[in-house]
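In case you want the letters, here they are:
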Amino acid sequence: AEDYREASIFFTQFYGILKAFYKIFFGFILCVIAVGLSATIHMNLLTRREEFGTLRAIGYSKARCYGVIFLELLILAAIGVGIALGFTVGFTMFFGKSGIYVGGGAVTYMLGGESFIPIIMWTDVWFCVGSIVVFALVSTVLPSHKLLSQGLTDLLAKRQGKKPRKHRKSKAVKGKVA
């Protein structure tokens, strides 16, 4: 019998090609998630404008308010990663012994058999966790900056302007007393 490396170049190189397509697809999915996450955070912060105005009024700095926003998102992301990791480990343990049957035909040639056995690559898991932490950090920057760059009165009045409204000066203030 021939060694699999000598039988076909396809089987030795296909794993690398499949892994590259997986990474491209995964990167695309992460970008879509980041855009959705940023929009969700922006909408959440718009509804909580008065809360951050109050925090700023009692003495919280902009950096501390940003820290509150980031930690809230990081805690939610950690809960989501924990749930996803639990499902992944359960799925892998359930199908790890018998494999997942995919049938015969062209799929057999692509995968090298009629079933495949899922495994957890811990480097991929840590890459996902790191990506989620980076996205949690990056996706809070723009919405938080827009919110926290507003004036205190605008935050409390739920106005979206970056600068406080200019009030008309009375004649007495201008120096013209009637």
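The structure under discussion appears in the preceding block.
Worth saying up front: this structure is predicted, and the values here are computed from it rather than measured. (Residues numbered from 1 in each chain as written. Predicted model: local features only at pLDDT ≥ 70, side-chain atom pairs only at ≥ 80, totals over all residues. Heavy atoms only, no water.)

What exactly am I supposed to notice about the pattern of salt bridges here?
For side chains bearing opposite charge, pairing can occur when the charged atoms are close. Taken as a whole and judged by the stated rule, the model has three salt bridges. Between Asp124 and Lys19 there is a salt bridge; the shortest N-O distance is 2.8 Å. Of the two residues, Asp124 is situated in helix 6 (residues 122-148) and Lys19 in helix 2 (residues 9-47); the sequence distance between them amounts to 105 residues. (Salt bridge = Lys/Arg side-chain N within 4 Å of Asp/Glu carboxyl O. Helix = DSSP H or I, 4+ residues; strand = E, 2+ residues; numbered from the N terminus.)

Looking at this model, I keep getting lost on the nonpolar core. Mind explaining?
Looking at soluble globular proteins, one finds that nonpolar side chains tend to be buried together. Ile41, Leu45, Phe52, Leu55, Cys65, Ile69, Phe70, Leu73, Ala136, Leu147, Leu148 and Leu155 together form the largest nonpolar core, which totals 12 residues. Where this core is concerned, the elements lending two or more residues are helix 2, helix 3 (49-57), helix 4 (62-95) and helix 6. The greatest single-element share of this core, amounting to four residues, is contributed by helix 4. Non-local contacts of Leu45, meaning those with residues more than four positions away in its chain, are made with Phe52, Ile69, Pro143, Ser144 and Leu147. (Core = buried A, V, L, I, M, F, W, Y, C linked by side-chain atoms within 4.5 Å. Buried < 20%, exposed > 50% of the residue type's maximum accessible area, 1.4 Å probe, protein only. Contact = heavy atoms within 4.5 Å.)

What is the right way to look at the side chain of Thr92 in this model?
Take Thr92: it is sitting in helix 4. Discounting chain neighbours no more than four positions away, the residues touching Thr92 are Pro118, Ile119 and Ile120.

Is there a simple way to think about a nonpolar patch on the surface in this case?
Together, Leu71, Ile75, Leu76, Ile79, Ile83 and Phe87 make up an exposed nonpolar region whose accessible area comes to about 660 Å². Among the secondary structure elements, Phe87 is positioned in helix 4. (Patch = residues over 30% accessible without salt bridge, like charges linked within 9 Å, V, L, I, M, F, W, Y side chains within 5 Å. Areas by Shrake-Rupley, 256 points an atom, 1.4 Å probe, with all protein chains shown as cover.)

Teacher, can you tell me more about the environment of Phe116 here?
For Phe116, the location among the structural elements is in strand 2 (residues 115-116). Here Phe116 falls in the partly exposed class, since its relative accessible area comes to 35%. Each C-alpha atom, one on Phe116 and one on Phe95, is 9.1 Å from the other, the two residues being 21 residues apart in sequence.

Honestly, helix 3 in this entry has me stumped. Any pointers?
Residues lying three or four places apart along an α-helix face the same way, a consequence of the helix completing one turn every 3.6 residues. For helix 3, every residue scored as buried is listed here: Arg49, Phe52, Gly53 and Leu55. Projection of helix 3 onto a plane perpendicular to its axis shows the buried side chains occupying an angular sector of 160 degrees, all on one side. Gly59, located one to two residues past helix 3, shows a positive phi value of around 115 degrees. (Arc of directions from axis to C-beta.)

I would appreciate a short explanation of the packing of aromatic side chains in the present structure.
In this description, an aromatic ring pair is defined by two values, namely the gap between the centres and the angle between the planes. Inspection of the entire model under this criterion finds four aromatic pairs. Between the aromatic rings of Phe94 and Phe95, the centroid separation amounts to 4.8 Å while the plane-to-plane angle is 85 degrees, which identifies the pairing as edge-to-face. Take Phe95: its relative accessible area is 24%, and that puts it in the partly exposed class. Cluster of aromatic residues (ring-pair linked, three or more members): Tyr22, Phe26 and Phe127. (Phe/Tyr/Trp six-rings, centres within 6.5 Å; stacked < 30°, edge-to-face > 60°.)

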